[in-house]
Amino acid sequence: MGRVDAWLYRHQAEGAICMTFGLLAWFDGPPPLLPELRKRVRERWCSLPRLRALPVDGPWPHWTPAPQDPDPDHHVVAGPHAEPGLHVQAPFTAASEAAAPQARGPVHAGVEACAAALLAEPLGSASGLPPWRLHLLPAEEGSGFALLLRAHHALLDGRSLITLLRTLLDGPGSYPLPPAAAHLPEPLDLPSAPRSAQLRATAGLLPAGRRLPFHARVDEGRALAWSELPVHALRQARGALPGDEPASANSVFLAAAAAALRATGALGARPGLPGVCAMVPVDLRSPRDEAYLGNHYATIRIPLPTAAAASGPDRLTAVERSARRAAHRRLADAQALLVSRTPLRRSALRDALARYADSPRYSSLLCTNVRTGGAGGPGALALGPATATRMALVPALSPGHPLALSLTTHGTTTAVAVLTDEAHAPLGRPVADRIRHEVLALRSAALDSPYG
C-alpha cells in the first residue's frame, strides 16, 4: 500500500473509526432491473484490477489481487442492505430516541437515512471481498431512484468514485473503460515542487486549530443531511468578491461554511477566536492521469473567518486571500512530496504524527468540493432512460472529527452534504441549510455590487 492508503486503512483496522465513504447519485426515471445493473457492472468495472484489490495486514499493510474478478451478485445490492441477505437498521441508541424517534428500526425513511446507515457499515477484509459495494436504492415516493457507491477510503478516493460512476453511466460526460485503471497501480509519480512551497508545506505542519465543542470521539452511527441550490447561484455568488476577478467556488463554499458554523452555534461561546480551519483535499492527478483509481490527493488547511463583524463579502475576501496565498496545487504537491519521503515502516514518530494529523489542533473539519463533470439537460449522464439529476460525495469521518462537509456540483445542481455521527446528528440539518442560505446571500451581495 502507498502511504496514504496505509494511513486510511489503519484508522479502521486498529479500531479507531469506520472508513466507509460514498458517492450518492439521484436519478429521475425508472430504476434498472437488478440483473441488468449487475451485467453493466460486470462489463464496465469487474475487469479493473483496483476493484479486485484485497487488503492484507502486516508490519506494513498491502494490497493483493483477489483470485477472481468481483462477482456483481455480491457487490451490487438492491435496497437497504449492507450485504446480500443482511438488512441494515438505522443507527439507534436509547439516548437518540427522543431526538429522532423516526430513525428507529429498518431503514425505509428515505434515501438519505438509508445511505447514512450504509456508510456506518465497515468494509474490510472480513468478508473476503474487495471493499466496495454498489447499492440500488428506491426513492421515498416511488419516483426515481438513487445509486450509492461506497468503498473503504484506503481503496479509493472521491475522484475515483466519480470516475467509476461516469464509467458506469452513458452520455457525453461518461468515460470509456479507464486506461489508467488497467493495472493495479502504485501511487503516481509526484511532480517536483518549488523549494518555497516545500518550506511552506513543512511550516504547515504547525498547529493551526483549536478544540471546538463538536470535537469528540466519533460514535458508530452516521447521519446525513443535505441541501441543494442551482449551480448558477453558486456561479453568481463568486462575484461577491470585490474587484474584477471572481472568487473560486471553493472559496464561496468555505466562506459559507464559516458563517454556517458560527450561526448554528457549532463553534461554542467564543466563535470569533482564531483557530478554526478547514482541511481541504486537493486532487494531484494530471489531465493525463485523470482516470487513475486509488488515493492520489493531498490536503491543505485554509483558515475560516468566523468573526462576528465580518460580512459575507468580507469572509469571502479573507478565504480567497488565504487560498491564493496557499497556492493550492503547489502546496499540495509539496505536502505529497514530504509524505512520499517518509520510510515505509511503522515508528513511534510516524504514529505520533498520524495522531497529530487527526487532532483538532491540526484542523477543525474536512471540507470537500468536487465537480462530477456531468452536464445537465440533453448532455446528462444516464442509466438507461433515467437521468442523473444530482450527486453528493459523502466523505468519511476522521478520528475526533464527527462533522464533515462537502459541496458537489453535477449538471445544473450543487448539493451540500453534511455527515455527522449519531451524537451530532442534530447539527447536520441546520448546517446544511445555513450553508445554502449563506451562498444565496453572497449571490444577492454580488448582484447588488458595483463589481457584479
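Report follows, based on the coordinates.

What counts as what
Starting afresh in each chain, residues are numbered from 1 along the sequence in its written order. The predicted origin of the model limits local features to residues at a pLDDT of at least 70 and limits the giving and counting of side-chain atom pairs to 80 or more, whereas totals for whole chains, interfaces and linings rest on all residues. The basis for the side-chain values is all heavy atoms of the structure; hydrogens and waters are excluded. Helix and strand definitions follow DSSP, with helices as H or I runs of at least four residues and strands as E runs of at least two, each counted in order from the N terminus. Between buried and exposed lies partly exposed: a residue is buried under 20% and exposed over 50% of the maximum accessible area for its type, with that area taken using a 1.4 Å probe on protein chains only. Contacts: residue pairs with any heavy atoms within 4.5 Å of one another. Accessibility throughout is a Shrake-Rupley quantity obtained with a 1.4 Å probe, and a residue counts as covered only by protein chains that appear here. For two strands to count as paired, DSSP must find a minimum of two bridges between them. Axes here refer to lines fitted to C-alpha atoms; in helices the fit is confined to the stretch in contact. Angles between the N-to-C directions go from 0 to 180 degrees. Buried Ala, Val, Leu, Ile, Met, Phe, Trp, Tyr and Cys residues form a nonpolar core when they are joined through side-chain atoms within 4.5 Å.

We now examine the overall build of the chain. Counting its regular elements, the chain contains 13 helices and 16 strands. For the chain, the proportion of its 452 residues judged to be buried stands at 54%. The long-range fraction of contacts in the chain, counting pairs at least 24 apart against all pairs at least 6 apart in sequence, stands at 78%. Element-wise, carbon and sulfur atoms account for 56% of the exposed surface of the chain, whose accessible area totals about 18900 Å².

Sheets are built from strands paired through backbone hydrogen bonds, the pairs being either parallel or antiparallel. Spatial strand order, β4-β7-β8-β1-β14-β13: six strands in an open sheet with mixed pairing. Looking along the sheet, the strands with just one partner apiece sit at the ends: β4 (76-78) and β13 (382-383). Pairing of β13 with strand β14 (residues 386-394), which is carried by two bridges, proceeds in the antiparallel orientation. Residue pairing in the sheet places alanine 382 in a bridge with threonine 387 of β14. Contacts from helix α2 (residues 34-44) reach β4, β7 (132-138), β8 (145-152) and β13, with the element oriented near 160° to β4. Its contacts with the sheet place helix α5 (residues 111-119) against β1 (20-28), β7, β8 and β14, and it is angled at close to 155° to β1.

For soluble globular proteins, the rule of thumb is that nonpolar side chains tend to be buried together. Leu24, Phe27, Trp45, Leu134 and Leu147 are the most contacted members of the largest nonpolar core, which totals 67 residues. Setting aside residues up to four positions removed in sequence, leucine 134 forms contacts with Leu37, Val41, Trp45, His75, Val76, Val77, Leu147, Leu148, Leu149 and Leu168. Core analysis: the next-biggest nonpolar cluster, separate from the first, contains 45 residues, Leu241, Val282, Ala323 and Leu442 among them.

The subject of this paragraph is the pairing of strand β12 (residues 365-371). Looking at chain direction, strand β10 (residues 277-283) and β12 are connected through two bridges and run parallel. Paired with alanine 278 across the strands is leucine 365, a residue of β12. As judged from the six bridges shared by β12 and strand β15 (residues 403-410), these two strands associate in the parallel manner. For asparagine 369, the partnering residue across the bridge sits in β15 and is leucine 407.

Here six strands make up an open sheet; going across it, the order is β9-β16-β15-β12-β10-β11 and the pairing mixed. The sheet is open, and its two edges are formed by β9 (223-230) and β11 (297-303), each paired on a single side. Within the sheet, the average angular offset between the axes of one strand and its neighbour, ignoring direction, is 20°. Strands in contact with α5 are β9 and β16 (413-420); relative to β9, the strand with the most contacts, it is inclined by about 130°.

A separate point is helix α1 (residues 3-13). Because each turn of an α-helix spans 3.6 residues, side chains separated by three or four positions in sequence point in the same direction. Among the residues of α1, Asp5, Ala6, Leu8, Tyr9, Arg10, His11 and Gln12 are the ones counted as buried. Of the residues trailing α1, glycine 15 is marked for its positive phi of about 85°.

Note on placement: glycine 2 falls in the segment before α1. Residue classification places glycine 2 among the buried positions, given a relative accessible area of 9%. Between the C-alpha atoms of glycine 2 and tryptophan 63, which are 61 residues apart in sequence, the distance is 9.4 Å.

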